[in-house]
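# A structural walkthrough
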Amino acid sequence: MWPKICQIGPLTIYSYGLMLALAYFVAAHLSAQEASRQGLPKEKVFNFTFLVFITGILGARAFYVISNFSYYAGDLKEILMFNHGGLSWFGGFFVGFGSGIWYIKKNKLPFYKLMDCLMPYVALGQAIGRIGCYLNDCCFGKAELLIPTQILSSMTALSIFMILRITQTRPHKVGQILYLYMFLYSIKRFFIEFVRIDNPDVFLGLTLFQLISIGMFVFASYKLLRLKFNKLPVASDK
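So, here's what we can say about the structure.

Conventions adopted
- Each chain has its residues counted from 1, following the order in which its sequence is written.
- pLDDT decides what is reported in this predicted model: residues at 70 or higher carry local features, side-chain atom pairs at 80 or more are listed and counted, and totals for whole chains, interfaces and linings draw on all residues regardless.
- In computing side-chain values, all of the structure's heavy atoms are included and hydrogens and water are not.
- Two rings from Phe, Tyr or Trp (for Trp, the six-membered ring) form a pair when their centres are within 6.5 Å of each other. A pair whose planes differ by under 30 degrees is stacked, one over 60 is edge-to-face, and the rest are tilted.
- Think of it this way: any DSSP run of H or I at least four residues long counts as a helix, any run of E at least two long counts as a strand, and we number them from the N terminus.
- Any residue under 20% of the maximum accessible area for its type is buried, any over 50% is exposed, and the rest in between are partly exposed; the area is computed with a 1.4 Å probe on protein chains only.
- As a reminder, the over-ring test applies to NZ of lysine and CZ of arginine, requiring each to be within 6 Å of the ring centre and within 35 degrees of the ring normal.
- Using protein atoms alone on a 1 Å grid, points that fit a 1.4 Å probe yet trap it form a cavity, whereas open point sets bounded by protein on both sides within 12 Å along at least five of seven lines form a pocket; residues with an atom within 4 Å of a point count as lining.
- Grid points are joined across faces, edges and corners, and a volume is the space filled by probe spheres set on the points.

This paragraph deals with the packing of aromatic side chains. Counted by the stated rule, this structure contains 18 aromatic pairs. Ring geometry for Tyr24 versus Phe50: centroids 6.2 Å apart, planes at 65 degrees, classification edge-to-face. Taken together, the positions of Tyr24 in helix α1 (residues 15-37) and Phe50 in helix α2 (residues 42-67) put the pair 26 residues apart, joining distant regions of the chain. Assessed through its relative accessible area of 46%, Phe50 is described here as partly exposed. A centroid spacing of 5.9 Å and a plane angle of 75 degrees characterise the contact between Tyr179 and Phe219, whose relative ring orientation is edge-to-face. Residue Tyr179 is found in helix α7 (residues 176-192), and its partner Phe219 is found in helix α8 (residues 208-229); the two are separated by 40 residues along the sequence. A relative accessible area of 38% places Phe219 in the partly exposed class. For Arg189, the ring lying beneath its charged end belongs to Phe209, and the centroid distance is 4.7 Å. Here Lys228 stacks its cationic end above the ring of Phe229, 5.9 Å away from the centre of that ring.

If you want it as structure tokens, here you go:
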């Protein structure tokens, strides 16, 4: 793999960090453009994405460290070594989501309209970020199967982006894109966990992330069904 892009004196540019930064700037830029097109305040949306990105990274790291603490207990300094990889999407999602709720309430932004605007680009950012995992050789699959799970994750995230983007450009219920993202991601993560080797089984042969995926799938399915049968406002790309 290629964990280091280059080194200039004492400065080392790591592929993992570079791809995370690229994922953020691409997703934030496209989100801000989409927000402006939908009549949302572009500057506030950009600030929102920055806050969620930073808190999401911290939450993702914290959740990963907690779920793999036996590895970090022997060398606590390793917790700070972000360049070695080790982020949990679920930790990032829940912490970032929580900070995002605070920002939305503080700035009186429309929650579902904003979420529907952003979620396709969240999936796109994930697709880019997983390339960083591949270059860093983390989040790997089972060696005997020779499955590059990072690339598989990236391609499925890209597929989710395309599905959400198509939905976004067509008439849809308010909140539908948010819950469709959660629905599709939970399926993706549940099945990819079967070929990953870095997360231990915790219950009935399932990993913690598979159990969380099941909960997210049930929740998102319930919300999508409610949207389908309830007479709620329909949004469009205009």
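After that view, the rundown keeps rolling.
For the rest of this paragraph, the subject is empty space enclosed by the protein. To find leftover empty space, a probe the size of one water molecule is rolled over the atoms. Following the criterion strictly, the structure yields 2 cavities of 30 Å³ or more and no others. Taken as a whole, the largest cavity encloses approximately 870 Å³ of empty space. Val52, Phe53, Trp89, Val122 and Gln126 are the residues nearest the centre of the largest cavity, which is lined by 38 residues in total. Counting residues per element, the ones that place at least two in the lining of the largest cavity are α1, α2, α4 (89-107), α5 (111-136) and α7. By residue number, the principal contributor to the lining of the largest cavity is α5, which donates 11 residues.

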